[in-house]
Amino acid sequence: MGNRTTEIRVKYENILSHDIHELVNMSAEYRDRCCNKKRENSKVFFCNDTQEIEALQSMACNMLRFFHKQKISKDFRWRAALVSCGTLQVLQCKCERHKKEKVCTQVNMRNNEDTETGEQCRKKCNQELCELKENISSLRSCWNKFEKIISR
């Protein structure tokens, strides 16, 4: 596993960590008054010891489900999909549902034309945005934990 771990660490440090950092910064810009409220049906992801890769895969695949949610700004959805697809690529994993992998094909062929500011997305309480932000936070934490383990 040593060579694969080294390859994952190099790809993470050189590419993905920057994209995750940008996504976290973007996430901070989208404040939502409802995000502080606890929801009963929220899906929580844990980065269990010795199962970091599986946890990262699960989080990345879950983040792809937000790609077509119109209540979240297009730029934010694209950036989240870019990080999700990058995570899957670095880990050499796939999602169980092939529909989600089609998103990665779209992301890789993205044309940068129409982007939006997300102003209309900020007007109402948006639970989908809150879920995506929680997912991003979990993904970042799990990558940080995994990075510490593989850097030893």
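A. Region of interest: the environment of Phe67. By the secondary structure assignment, Phe67 is in the loop between α2 (52–64) and α3 (74–91). The exposure class assigned to Phe67 is buried, which follows from its relative accessible area of 5%. When the C-alpha positions of Phe67 and Val103 are compared, they lie 7.5 Å apart, and in sequence the two are 36 residues distant. Look past the residues within four positions of Phe67 in its chain and what remains in contact with it is Arg77, Trp78, Ala81, Val103, Gln106 and Val107.

B. Up close: the confidence of the model for the protein. Confidence in the prediction of the protein, expressed as mean pLDDT, is 79, and 78% of residues score 70 or more. Across the protein, the secondary-structure element scoring lowest on mean pLDDT is helix α5 (residues 119–122), at 48, and the one scoring highest is α3, at 92. Per-residue pLDDT stays below 50 along residues 111–121; that stretch engages in 17 contacts with residues further than four places along the chain or on separate chains.

C. Focus on the pattern of salt bridges. Counted under the stated rule, the structure contains seven salt bridges. Between Arg65 and Glu131 there is a salt bridge, with the nearest N and O atoms lying 2.6 Å from each other. Of this pair, Arg65 sits in the loop between α2 and α3 while Glu131 sits in helix α6 (residues 127–150), placing them 66 residues apart in sequence. One salt bridge connects Lys69 with Glu128, and the closest N-O pair in it is separated by 3.8 Å. Remark: Glu128 occurs in helix α6 and Lys69 occurs in the loop between α2 and α3; sequence separation between them is 59 residues. Lys69 sits in the partly exposed class, given a relative accessible area of 26%. Each of Asp19, Glu22 and Arg79 takes part in a single network of salt bridges with overlapping partners.

D. Looking closely at the side chain of Lys133. Looking at the element boundaries, Lys133 is found in helix α6. Within the local environment of Lys133, its side chain forms a polar contact with the backbone oxygen of Ser27, the two atoms lying 3.2 Å apart.

E. Molecular detail of the packing of α2 against α3. One can describe the packing of α2 onto α3 by two numbers: an axis separation of 9 Å at closest approach and a directional angle of 145°. Read as a crossing pair, α2 and α3 show a hand that is left-handed. Of α3, the residues touching α2 (which contributes Ile53, Leu56, Gln57, Ala60, Cys61, Met63 and Leu64) are Ala80, Ala81, Ser84, Cys85, Thr87, Leu88 and Leu91. The class makeup of the residues in the contact of α2 with α3 is eleven nonpolar, three polar and no charged.

F. Structural detail: unusual backbone geometry. Located in the positive-phi region is Gln92, a residue other than glycine, with phi close to 55°. Within the fold, Gln92 resides in the loop between α3 and α4 (98–108).

G. Quick look at the packing of aromatic side chains. Counted by the stated rule, this structure contains three aromatic pairs. Here Phe67 and Trp78 contribute two aromatic rings whose centre-to-centre distance is 5.0 Å and whose plane-to-plane angle is 80°, an arrangement assigned as edge-to-face. Taken together, the positions of Phe67 in the loop between α2 and α3 and Trp78 in helix α3 put the pair eleven residues apart, joining distant regions of the chain. Accessibility assignment for this pair places Phe67 and Trp78 in one class, buried. For the pair Trp143 and Phe146, a centre-to-centre distance of 6.0 Å together with 65° between the ring planes defines the contact as edge-to-face.

Criteria and thresholds
- Residues numbered from 1 in each chain as written.
- Predicted model: local features only at pLDDT ≥ 70, side-chain atom pairs only at ≥ 80, totals over all residues.
- Heavy atoms only, no water.
- Helix = DSSP H or I, 4+ residues; strand = E, 2+ residues; numbered from the N terminus.
- Buried < 20%, exposed > 50% of the residue type's maximum accessible area, 1.4 Å probe, protein only.
- Contact = heavy atoms within 4.5 Å.
- pLDDT = per-residue confidence, 0-100.
- Salt bridge = Lys/Arg side-chain N within 4 Å of Asp/Glu carboxyl O.
- Polar contact = N/O pair within 3.5 Å; in protein donor to acceptor, adjacent residues only side chain to side chain.
- Axes fitted to C-alpha atoms, helices over the stretch in contact; angles between N-to-C directions.
- Left-handed = near helix turned anticlockwise from the far one by under 90°.
- Nonpolar A, V, L, I, M, F, W, Y, C, P; charged D, E, K, R; others polar.
- Phe/Tyr/Trp six-rings, centres within 6.5 Å; stacked < 30°, edge-to-face > 60°.

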